[in-house]
Amino acid sequence: MQIKRISAIMAICLLGCISVIAQQADYLAAQKYDAPNLAKRVGTLKIIPFFLKNSHKFWFVANGSAPLSNQLNQGNGAISGSLLTNVHYIVDMASGRRQELFDKAIIIDQLKGLTQGEVNSAQVIYTPEFSADEKSVLVSYAGRSYDYHYEQKQLIKRQIGLQQKKSYQKIGVSSDNKWELYTRAHNLYISANNNHNDEHQLSTDAEPYYSFCVDEKGDYKIDKTYPSVAKWINGRYFYALRIDKRKVQTMSIIQSGFTPRPLIYTYKYELPGDQYVAQYELYIGDALKGNMKKVDLQHWPDQQLEVVSAPDDPQEIFVLRRKRTRDEIELCAVNLETGKVRVVINEVSKPFINEDFFDVSIIKKGTEILWWSDRSGWGQYYRYSDSGKLINRMGKDNYTAGKILAIDTAKGYAYLNAFGKEAHTNPYYAKLYKVSFDGKSEQLLTPENATHQVYISPDRRYFIDNYSRIDLEPVTMLRKIDGKPVAQIFKPDLDSLNAYGWKHPEPFIVKAKDHVTDLYGLIWKPFNFDPNKKYPVISQVYPGPQIETVWPDFTVLDKYNNAALAQLGFIVISVGHRGGSPIRDAHYYKFGYGNLRDNGIDDDKYAIEQLAGRFSYLDLDRVGIFGHSGGGMMTIAAMCKYPDFYKVGVASSGNHDNRIYLRAWGESYQGLENKMPVNEDLASKLQGHLMLVTGEVDDNVNPANTYRMVDALIKADKNFDLLLLPGQNHHYEGAAKLYFEKRMRAFFAKYFIEQDISHDKK
């Protein structure tokens, strides 16, 4: 009997030892898949084209490219280039032919002949600066310049004095080069171009923060000229938008590492509900008469003004006038000769205007207007006459129309991104559509089930299409403007990354707390994932409402380095929530109005609970949460609202007290008249393990947000960790970023893996 008892005890001890061994955070895996190591194994994922002006060509630069054969066009050679080595390419859009812009081996060989000696290849400079005929580019070596003719692969030494000079429009000079606008000591002046001796002073009352100078705060003297904020409309008329910030109050930060003494930096910063905010003034001027006058646009207290780009040589300029309550906007037209103002369009959108997607285009020489509105519950474009009469809605279905990428006025079409138009497709995928002005025609130009980033050529004959999904590797296509493929011009080399063991996160869909709305999210797993194990869950959060951190495109280096965190032995998730994104319908986007602090928490918790019901490997007794900026605010609010659910959290640079955060944020999303809830009020409810982090010189979310939270926690007698990063602004960089992420991982590992707190009810 005694032997059986001893055997049982030994068995229990052995099982306990096995359990302890199994619960070890895998720091080596986290380090292996940390962003700096992944960055060495992935190059360019999508390209940015630079279109040439006088030919149907564009160039781009990429690294880490792989040889690829073009299935749509014969004769395209393979792209060569070592991993993470920048290579320039040029593409003929008419044929789809792609080639290296600089054949470096040939250039080095020809340089040897031209210099009569050996060439240090590391000192050769390749610059995509094109000649006037766009047939050659610049190569520099040892202080000499050469023209490389990329078609003939010929390098020619430039003759001294024959370098091609590019002409640039001088800042402040009218389009006909007759007049120049500039400032002296913040006041605006005009003179004949290149003749400041015959200048005319247009203003006399300017001073710092009430300035016509591009640098509104500079201590400038009258003996020197500086660029102005004034813009030419044509060769005669100009306008200037002056902003009065003299009464706007300030905030300060201290940079402790500045020598020999710490430096105090003070800056203008508007807060929600401030009595004194920036005041806007619009002036129009006439160069021929040498005068300038203030336009009477006053309508609402503390309104904001913005000049809208318009066709050449208009009789009027168009101005957006925004109400401080953020729920009303007007398009006004100002007569250039008389200064008379007329209201063209008035838009009211409760509880606030969707400024992330709002757009307006003045077309047909000012006779028609394309105006974005979510008045139907979906963001769509509406066509108006210049008198303000509604002509028609451009979109047929319920979907969100994004920014207009190009307009073909002659044919009556706009090219724009559409979100959620196709059934059974992720509503966050951007698709390019050609939409007629009269709203009768809508043509999908990018049919692949992916999100598309598009660049349209200036002549609107072609476009470059970078497309991918979180689980679909990127492809870059050249297409005709009707969407027909011309050539595949780039596909990244991911062989090294895949061989390294990296895996993409997995997308999922769950319901919001209302049991109706679809929420989209991502799961990062350990790459040695075992479905038979139980894993702690960590929710990476951000409340929006301008963006959800659920990346729809193929992403290796995600902003919050979730892949590395998962390797410790966690399931990391990120999920959108009602009120989180302007891409969805208006109800979804504006759901969180008046609930700025707590919006999103219920949906996040319910999403995790649904996933746990779907996947047995999620351990609901070990749930953590972390976020940056608004995500830091949401982290503490969630831990205090549901202390028995969210047990460990890391809140970095959180706007815990939105009373001292950006005025536009609080007044737009909480409301000008609504009380502002703050995280300090929740301090007594904290039960879990919390780490607070802030950058010392954060002039976006001032460190006072974190310090006020610290003070509240101290007064509530709560334990917490605090990490202060000297010299860091809102987004951490370099060694401080790596150190913060290491500390965050260790913090979660300490309480979820190295210690068992699943039943800790303290």
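The structure reproduced in this document is the subject of the present report. (Residues numbered from 1 in each chain as written. Predicted model: local features only at pLDDT ≥ 70, side-chain atom pairs only at ≥ 80, totals over all residues. Heavy atoms only, no water.)

A few words now on the nonpolar core. Ranked by internal contacts, the top residues of the largest apolar core, which has 75 residues, are Leu331, Val360, Ile369 and Trp371. The dominant element in this core, judged by the number of residues it contributes, is helix α9 (residues 630-641), at six residues. Counting 59 residues, the second largest nonpolar core, distinct from the first, contains Val556, Tyr661, Val701 and Phe752. (Core = buried A, V, L, I, M, F, W, Y, C linked by side-chain atoms within 4.5 Å. Buried < 20%, exposed > 50% of the residue type's maximum accessible area, 1.4 Å probe, protein only. Helix = DSSP H or I, 4+ residues; strand = E, 2+ residues; numbered from the N terminus.)

Another aspect to go through is the side chain of threonine 476. Structurally, threonine 476 can be placed in strand β32 (residues 472-480). Polar contacts involving the side chain of threonine 476 include one to the side chain of asparagine 466, which spans 2.6 Å. With residues near it in sequence (within four places) discarded, threonine 476 still touches Ile47, Ile464, Asp465, Asn466, Ala487, Gln488, Ile489 and Phe490. (Polar contact = N/O pair within 3.5 Å; in protein donor to acceptor, adjacent residues only side chain to side chain. Contact = heavy atoms within 4.5 Å.)

Position of serine 131 relative to the elements: it lies in the loop between β5 (125-130) and β6 (136-141). Given the relative accessible area of 5%, serine 131 is considered buried. Looking at serine 131, its side chain comes within polar contact range of the main-chain nitrogen of lysine 135, at 3.3 Å.

Time to look at the packing of aromatic side chains. Across all of its chains, the model carries 36 aromatic pairs by this definition. Ring geometry for tyrosine 182 against tyrosine 189: centres 6.1 Å apart, planes inclined by 5 degrees, an arrangement best described as stacked. Accessibility classification places tyrosine 182 together with tyrosine 189 in one group, the buried group. Relative to tyrosine 283, the ring of phenylalanine 212 has its centre 5.4 Å away and its plane inclined at 65 degrees; by these criteria the two rings are edge-to-face. Of this pair, phenylalanine 212 sits in the loop between β11 (195-201) and β12 (231-232) while tyrosine 283 sits in strand β16 (residues 279-286), placing them 71 residues apart in sequence. Classification of phenylalanine 212 by relative accessible area gives buried; the value is 0%. The rings of Phe352, Tyr589, Tyr593, Tyr661, Trp665 and Tyr669 are connected pair by pair, giving a single aromatic cluster. A cation over an aromatic ring shows up here: lysine 104 above the ring of tyrosine 126, its NZ or CZ 4.9 Å from the ring centre. Its end group placed over the ring of phenylalanine 529, lysine 525 keeps NZ or CZ at 4.4 Å from the ring centre. (Phe/Tyr/Trp six-rings, centres within 6.5 Å; stacked < 30°, edge-to-face > 60°. Lys NZ or Arg CZ within 6 Å of the ring centre and 35° of its normal.)

This brings us to helix α4 (residues 104-115). The terminal C-alpha atoms of α4 lie 16 Å apart, and with twelve residues this matches the ideal 16 Å at 1.5 Å per residue to within 8%. The complete set of buried residues in α4 reads Ile107, Ile108 and Leu111. Summarising the axial view, the buried residues of α4 lie within an arc of 100 degrees, below the 170-degree limit, and thus occupy one face. In α4, the exposed positions angled more than 90 degrees off the buried face are occupied by Ala105 and Asp109. On its buried face, α4 is in contact with β5, β6, β7 (144-149) and β8 (154-157). (Expected span 1.5 Å × (residues − 1). Arc of directions from axis to C-beta.)

On to the sheet that holds strand β23 (residues 368-373). Pairing is antiparallel across the open sheet formed by four strands, whose spatial order is β22-β23-β24-β25. Both edges of this open sheet fall to β22 (360-363) and β25 (390-393), since each of them pairs with a single strand only. Between one strand axis and the next, the sheet turns through 20 degrees on average, direction left out of account. Both β22 and β23 contribute to a ladder of four bridges, which runs antiparallel. Within β23, the residue paired with isoleucine 362 across the bridge is isoleucine 369. (Pairing = 2+ DSSP bridges. Axes fitted to C-alpha atoms, helices over the stretch in contact; angles between N-to-C directions.)

Across the eight residues of strand β31 (residues 462-469), eight count as buried, placing the element largely inside the fold. Burial along β31 is two-sided: Tyr462, Ile464, Asn466 and Ser468 facing one way and Phe463, Asp465, Tyr467 and Arg469 facing the other are all buried. Here strand β30 (residues 451-456) pairs with β31 via six bridges, running antiparallel. Bridge pairing in β31 links tyrosine 455 to isoleucine 464.

Now for the sheet that holds strand β2 (residues 57-62). Strand order in the open sheet formed by four strands is β1-β2-β3-β4, and the pairing between neighbours is antiparallel. Both edges of this open sheet fall to β1 (50-51) and β4 (97-100), since each of them pairs with a single strand only. Judged from the two bridges that link them, β1 and β2 form a sheet pairing that is antiparallel. Each residue of the ladder has a partner; that of phenylalanine 51, found in β2, is phenylalanine 58.

The next thing to look at is α9. Taking 1.5 Å as the rise per residue, α9 with twelve residues should run 16 Å; its terminal C-alpha atoms sit 16 Å apart, in good agreement. In terms of burial, α9 is largely enclosed, as eleven of its twelve residues are buried. Buried residues of α9: Gly630, Gly631, Gly632, Met633, Met634, Thr635, Ile636, Ala637, Ala638, Met639 and Cys640, and no others. Buried residues along α9 sit in contact with α8 (601-614), β38 (618-628), β39 (646-652), β40 (689-695) and α11 (704-715).

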